[in-house]
Protein chains: 2
Amino acid sequence: MPYYIAVYDVNEKREGKMLKLFRRYLTWIQNSVFEGELTHAQFKSLEIEADRLMKDSDGVIFYQLRDERYVDRIALGEEKAERTRFL
Amino acid sequence: MPYYIAVYDVNEKREGKMLKLFRRYLTWIQNSVFEGELTHAQFKSLEIEADRLMKDSDGVIFYQLRDERYVDRIALGEEKAERTRFL
């Protein structure tokens, strides 16, 4: 299944809503960084929901990988991630 | 050459220094997100320099890919990236 890394950069007024939305689909890693497997349909839903919440200069970036195996994560500093998925 | 996606989450006091450091090695994409090819030696230097700047609950995450071809970027919102590298 495709694996996604998502990072958003939104006005603080919308941070709470974005966090809640992204947590429904992905695993929270750090601040505004999320990861996880999504089907194409799930990804499209997340994309549409995120787009609806966004205003002004808000931005979201998704990195799409064919498989989690293609990427290694190297973290410096405190490990903040929780490993639970909310789907 | 390995391809990196880097995201930092640091106290605002250190944001300027982090931005300057990461721009020396990678291309700025959005807020605290950077991308680019680095040799293993370049990556190690960046890792050491970032680690020296970090304090308290600061965090940096690097995603390492064997090749840029393994990843697709999907951006929502304004395209803020500049395409110049500073190496």
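Residues numbered from 1 in each chain as written. Chains lettered and ligands numbered in written order. Predicted model: local features only at pLDDT ≥ 70, side-chain atom pairs only at ≥ 80, totals over all residues. Heavy atoms only, no water.

### Some points on the packing of helix α1 (residues 15-25) of chain A against helix α2 (residues 40-53) of chain A
Residue and element names in this part refer to chain A.
- Two numbers describe how α1 lies on α2: the axes approach to 10 Å, and their chain directions differ by 175°. It follows from the interaxial angle that α1 and α2 lie roughly antiparallel. Residue-level inspection shows Lys17, Met18, Leu21, Phe22, Arg24 and Tyr25 of α1 in contact with α2, the latter providing Gln42, Ser45, Leu46, Glu49, Ala50 and Leu53.
- Broken down by class, the residue content of the contact of α1 with α2 amounts to seven nonpolar, two polar and three charged. (Axes fitted to C-alpha atoms, helices over the stretch in contact; angles between N-to-C directions. Helix = DSSP H or I, 4+ residues; strand = E, 2+ residues; numbered from the N terminus. Parallel < 35°, antiparallel > 145°, perpendicular 65-115°, else oblique. Contact = heavy atoms within 4.5 Å. Nonpolar A, V, L, I, M, F, W, Y, C, P; charged D, E, K, R; others polar.)

### Some thoughts on the interface of chain B and chain A
- Facing the 35 residues of chain B at the interface are 35 residues of chain A.
- Among the residues chain B hides against chain A, the three largest losses belong to Tyr63, Ile74 and Leu76 of chain B. Together they make up 24% of the total.
- Along the contact surface separating chain B from chain A lie zero salt bridges.
- Where chain B meets chain A, there are 10 residue pairs in polar contact (both at pLDDT 80 or more).
- Taken together, the residues of the side of chain B that touches chain A break down into 18 nonpolar, six polar and 11 charged. (Buried area = accessible area lost by both parts, 1.4 Å probe. Salt bridge = Lys/Arg side-chain N within 4 Å of Asp/Glu carboxyl O. Polar contact = N/O pair within 3.5 Å; in protein donor to acceptor, adjacent residues only side chain to side chain.)

### Considering the pattern of salt bridges
All names here are of chain A.
- Scanning the entire structure with this criterion turns up 12 salt bridges over all chains.
- Between Glu47 and Lys44 there is a salt bridge; the shortest N-O distance is 2.8 Å. Of this pair, Glu47 and Lys44 both sit in helix α2, separated by three residues, roughly a single helical turn.
- Overall, the relative accessible area of 15% leaves Glu47 in the buried class.
- Within this structure, Arg14, Asp56 and Asp58 form a network of salt bridges that share partners. (Buried < 20%, exposed > 50% of the residue type's maximum accessible area, 1.4 Å probe, protein only.)

### Re the UniProt feature "binding site: Mg(2+)" (unreviewed entry) in chain A
All names here are of chain A.
- UniProt annotation of "binding site: Mg(2+)" (unreviewed entry) refers to Asp9 when read in the numbering used here.
- On the secondary structure map, Asp9 appears in strand β1 (residues 3-9).
- Residue classification places Asp9 among the buried positions, given a relative accessible area of 17%. (UniProt positions renumbered as here; feature names shortened; annotations may be inferred.)

### Considering the layout of surface pockets
- A volume near 350 Å³ is recorded for the largest pocket.
- Along the wall of the largest pocket there are 16 residues; nearest its centre are Glu15, Asn31 and Ser32 of chain A together with Asn31 and Ser32 of chain B.
- For the lining of the largest pocket, the secondary-structure elements that each account for two or more residues are β1 and α1 of chain A together with β1 (3-9) and α1 (12-25) of chain B.
- Class assignment of the residues belonging to the lining of the largest pocket gives a composition of six nonpolar, six polar and four charged. (1 Å grid on protein atoms, 1.4 Å probe; cavity = no way out; pocket = protein on both sides within 12 Å on 5 of 7 lines; lining within 4 Å. Points joined across faces, edges and corners; volume = space filled by probe spheres on them.)

### Here we look at the relation of the copies chain B and chain A
- If you rotate chain B by 180° and push it 0.0 Å along the axis, it lands on chain A with an RMSD of 0.0 Å. Such values leave the two copies arranged in the relation of a two-fold axis. Residues of chain B ranked by C-alpha distance from the rotation axis are headed by Tyr70 of chain B, positioned 3.4 Å from it. (Least-squares fit on C-alpha atoms with pLDDT ≥ 70 in both.)

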